[in-house]
Amino acid sequence: MQRAFLEFLLIAGLSAASAHAADLLQVYRDALANDAAYASARATRDAGLESLPQGLAQILPSISATAFTQYNVVNIDVRGPQPDERREGNSNGYTVTLTQPLFNWQNFQVYKEAGFKAAQAEAVFGQAAQDLIVRAAQAYFDVLASQDSLAFIQAQKVAISEQLAQAKRNFEVGTATITDTHEAQARFDLATSQEIASQGDLEIKKRALQQIIGKYPERLEPLKPSIELNPPRPDAMEEWANVAASQGYPVLGQEAALEVALREIERTRSGHLPTLNLVGSSGSTLASISATGISNVGTDSITRIIGLQLALPLYSGGNVSSLVRQAVANREKAQQDLENSRRVAALAARQAYLGVTNGRAQVRALEAALVSTRSALDSNKLGYEVGVRINIDVLNAQQQVFSTLRDLSRARYDTILNGLRLKAAAGTLGEADIGEVNLLLGSN
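Residues numbered from 1 in each chain as written. Predicted model: local features only at pLDDT ≥ 70, side-chain atom pairs only at ≥ 80, totals over all residues. Heavy atoms only, no water.

Asks: Can you explain the overall build of the protein chain? Please cite residues and give values.
Replies: Scanning the protein chain from N- to C-terminus turns up eleven helices and four strands. Taking 444 residues into account, the globule formula puts the C-alpha radius of gyration at 22 Å, and the protein chain, at 39 Å, lies well above it. In the protein chain, the proportion of contacts linking residues at least 24 apart, taken out of those at least 6 apart, comes to 83%. For the protein chain, the computed accessible surface area is about 24200 Å², with 56% contributed by carbon and sulfur atoms. (Helix = DSSP H or I, 4+ residues; strand = E, 2+ residues; numbered from the N terminus. Rg over C-alpha atoms; globule rule 2.2 N^0.38 Å. Contact = heavy atoms within 4.5 Å. Areas by Shrake-Rupley, 256 points an atom, 1.4 Å probe, with all protein chains shown as cover.)

Structure (structure tokens):
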């Protein structure tokens, strides 16, 4: 009777959130819409993509226009018998100038560099998208784990209270000592303290999820009571490590950063090279200046110019050579950062792979342990009733059952999360993977 009641309490506690509960897919979509870190990454990506038109602008023609109007007063002092003169009037004009770079190695390298900067921005944003899935899933399962822990503690309190009541009855009839009552009361008080702490932890975990999805999670869909955790596909650790080291988003970002560093060397070296531009301009000037006593006669002039401008740098105080050495050092840094990112990505993939495979084994072991601990609890209860076990043995057996339940719950969540981390390390994590995990949720 007690076993059936406890199992009912646990199932009710773990599945109470199912009615009108948000599942992992809904939480992820809320995170897409409301997570500030992801929105920041998206804006950073958009800003980074602007390097493409900016780089293209370096090799396209530029057109500028100027206009002016001015009032002129000219006083002429004549040395001799002629009288002094005063001339005044308006001058108006405009000029339109077109400049087309014909040879500018620096601008050409900026144009090539822009493509790699855009690729780097896309890689950083891609990693942010992977991180969002993992963060949302981590916060989701942290809430479920905290809910499980609270439910287990509350069920344990019920079991301890019944054991406490039985110890009091046995003491009253003289079949047990007061020690049994004190031990049960101590365990009950400890469980009460743990319940308070667990309630606080659950609120903290829900607030952490709220930070990501932008709203307070009232209810979340729990894991189904019985689930099958699949192995990674492919089930080979080194294959995952190789994929992560070659196409993980941090690696792709560092590869783009290395290409940018290579173009920076060429760009700075171009400071020693000449530049050649095609320049054309067209302008008009209208002048209306009259001398004293002479009628005003305006003049119009139209100017059209086309030509080549060659600029040859001769000496800049060693600045260009210093910039080249700096760019070479930055290239070496980028190369080492790339190698480090490959190793980090491979390590992350191996850790996540082992987390999945070991987690599946741990889940199976804990499921077997749960059967054993429940059998041990039943045996201790029977032994206590016939006098071959004492109350503390029953309490310890109860504690072992609930500890195993808690560890099994956490192992399942960690295994699922490591599966998501494994795909994130390889750069393949997406909404479809969230959908697969979502199939594991539900009260039935």
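Once the structure has been displayed, the description carries forward.
Asks: Residues and numbers for the side chain of aspartate 30, please.
Replies: With respect to the helices, strands and loops of the structure, aspartate 30 is situated in helix H2 (residues 24-34). In contact with aspartate 30, not counting residues within four places along its chain, are Asp35, Ile213 and Lys215.

Asks: Tell me what's going on with helix H8 (residues 249-269), and back it up with residues and numbers.
Replies: Spanning 21 residues, H8 covers 31 Å between terminal C-alpha atoms, matching the ideal 30 Å at 1.5 Å per step. Of the residues making up H8, those classed as buried are Val251, Gly253, Ala256, Ala257, Leu258, Val260, Ala261, Arg263, Ile265 and Thr268. Tucked into the core, H8 has its buried residues touching helix H5 (105-173), helix H7 (237-247) and helix H9 (319-386). (Expected span 1.5 Å × (residues − 1). Buried < 20%, exposed > 50% of the residue type's maximum accessible area, 1.4 Å probe, protein only.)

Asks: Describe a nonpolar patch on the surface, naming the residues involved and giving the relevant values.
Replies: On the surface, Leu56, Leu60, Leu102, Phe103, Trp105, Phe108, Tyr111, Leu273 and Leu308 cluster together into a nonpolar patch covering about 780 Å² of accessible area. For the nonpolar patch, the secondary-structure elements that each account for two or more residues are strand S2 (85-103) and H5. Per-element accounting of the nonpolar patch gives the leading share, three residues, to H5. On the secondary structure map, phenylalanine 108 appears in helix H5. (Patch = residues over 30% accessible without salt bridge, like charges linked within 9 Å, V, L, I, M, F, W, Y side chains within 5 Å. Salt bridge = Lys/Arg side-chain N within 4 Å of Asp/Glu carboxyl O.)

Asks: How would you explain the environment of leucine 102 if you had to name every residue and give the values?
Replies: Its place among the elements puts leucine 102 in strand S2. Judged by relative accessible area, which is 48%, leucine 102 ranks as partly exposed. Filtering out sequence-adjacent residues up to four positions away, leucine 102 remains in contact with Leu276, Asn277, Leu278 and Leu308.

Asks: Tell me about the packing of H7 against helix H10 (residues 391-426), and name the residues and values.
Replies: In contact at an axis separation of 7 Å, H7 and H10 are set at 45 degrees when each is read in the N-to-C sense. By the criterion of interaxial angle, the relationship of H7 to H10 is oblique. Facing Trp240, Val243, Ala244 and Gln247 of H7, the residues of H10 in contact are Leu422, Lys423, Ala425 and Ala426. (Axes fitted to C-alpha atoms, helices over the stretch in contact; angles between N-to-C directions. Parallel < 35°, antiparallel > 145°, perpendicular 65-115°, else oblique.)

Asks: For the environment of alanine 368, give the residues involved together with the corresponding values.
Replies: As for its position among the elements, alanine 368 is in helix H9. Separated by 36 residues in sequence, alanine 368 and threonine 404 have C-alpha atoms that sit 9.9 Å apart.

Asks: Go over unusual backbone geometry, please, and point to the residues and values.
Replies: Trans peptide bonds make up most of the peptide bonds, and negative phi angles are found at most residues other than glycine. The linkage connecting arginine 233 with the following residue, proline 234, adopts the cis geometry, with an omega of 5 degrees. Mapped onto the elements, proline 234 comes out in the loop between helix H6 (178-213) and H7.

Asks: Now, about the packing of aromatic side chains: what can you tell me, with residues and values included?
Replies: Per the counting criterion, the structure on display carries five aromatic pairs. Measuring from ring centre to ring centre gives 5.5 Å for tryptophan 105 and phenylalanine 108, while their planes differ by 35 degrees; the resulting arrangement is tilted. You can see tryptophan 105 and its partner phenylalanine 108 sitting in helix H5, three residues apart, about one turn around the helix. An aromatic cluster of three or more residues is present, and its members are Trp105, Phe108 and Tyr111. The cationic tip of arginine 45 hangs over the ring face of phenylalanine 125; the distance from NZ or CZ to the ring centre is 4.3 Å. (Phe/Tyr/Trp six-rings, centres within 6.5 Å; stacked < 30°, edge-to-face > 60°. Lys NZ or Arg CZ within 6 Å of the ring centre and 35° of its normal.)

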